[in-house]
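Structural overview for review
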Amino acid sequence: MSMDWVDVSHGRVRVAVDGPEDGPTLLMIHGLSYPLEAWGPLSRLLVASGVRTIRSDLYGRGFSGWDGTPLSCAVMAEQQRAVLDHVGVESPVQVISLSNADLIALWLAATHPGRVRELALVGPSGFDARTMNAPTRWMGSALLRPGMARWMRHRLVQRMGRHAAHMPASAPPDCAEAYEASMNAARTHPPFGAAVVSHLASLPRRAELEATLDAVAASDIAVRALHFGAEQDATPAGVEVLRRHLPAMQSQTLADCGHMGMLETPGAIRAWWQGRL
């Protein structure tokens, strides 16, 4: 694995590039709280198949820096574009996202359609009314932010622990290592809690999301989604918004997986991404 530090617009971020330069390129975008290590087991399997993977920590997550700029989908999509520029990838790539990083992937596709060939949305959240609302946006106010950052760090470490408890004994050893690395980063990286609060407080309003979905639907970018039968994080109503505005989206479901299916059965996620599930 090639790990690098890259200075982009709003902080110094970690970037990991693996696999052959002449292989198909896959940009991997993690979700709200997990760092780039969450993609590690899937990346390992894909690299063994000749795929080149590009992973980075979102601003303030993992061990990446962040200058305090509100973390809107547009800002984080620009981070992904900057990472591609740094790696020297100019041709359209395939993008895979985890959880509410579906919004970042969609923004990247809508604002830079020439850089994206396909979107693969793993456990997508779509429009989640539990977080995409006015009270959540108020969390980002200067008065509430410090206390909310401490609370959010504690809550998300607990959430990672619940996800890890759903990991079957058959999961490869590096899945447990990915959870350990994720929880360590969440506990110890100073900007983590504030970055998560900013991410949540800057989520798009419904009309913004629908306009972005319509822009992607009007493009020639293919969209696929993988859902999980034991899902407890994404909501059916949120996913329905995706289905309604992306009528060509192809969807499949893994019956026994929880929200972190990529760390429960990465082989099945690889098979889905390669069209063999």
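In what follows, the structure referred to is the one given above.
All of these numbers come straight from a predicted model, not from anything done at the bench. (Residues numbered from 1 in each chain as written. Predicted model: local features only at pLDDT ≥ 70, side-chain atom pairs only at ≥ 80, totals over all residues. Heavy atoms only, no water.)

**Some thoughts on the packing of aromatic side chains**
For the structure on display, the rule yields one aromatic pair. On the basis of an interplanar angle of 65° and a centroid distance of 6.2 Å, the ring pair of Y34 and Y179 is categorised as edge-to-face. Of this pair, Y34 sits in the loop between β3 (25-29) and α1 (40-48) while Y179 sits in helix α6 (residues 173-188), placing them 145 residues apart in sequence. Looking at Y34, the relative accessible area reads 3%, which means it is buried. Under the relative-accessibility criterion, Y179 is labelled buried at 1%. Directly above the aromatic system of F127 lies the positively charged group of R206, at a separation of 5.2 Å from the ring centroid. (Phe/Tyr/Trp six-rings, centres within 6.5 Å; stacked < 30°, edge-to-face > 60°. Helix = DSSP H or I, 4+ residues; strand = E, 2+ residues; numbered from the N terminus. Buried < 20%, exposed > 50% of the residue type's maximum accessible area, 1.4 Å probe, protein only. Lys NZ or Arg CZ within 6 Å of the ring centre and 35° of its normal.)

**What to know about the pattern of salt bridges**
Between side chains of opposite charge, a pair can form as their charged atoms come close. Inspection of every chain in the model, using the stated rule, returns 12 salt bridges. Linking R130 and D128 is a salt bridge whose minimum nitrogen-to-oxygen distance equals 2.6 Å. Judged by relative accessible area, which is 7%, D128 ranks as buried. R206 is the partner of E210 in a salt bridge, and the nearest nitrogen-oxygen pair spans 3.0 Å. Of the two residues, E210 and R206 are both situated in helix α8 (residues 206-217); the distance of four residues between them amounts to about one turn of the helix. Classification of R206 by relative accessible area gives partly exposed; the value is 34%. (Salt bridge = Lys/Arg side-chain N within 4 Å of Asp/Glu carboxyl O.)

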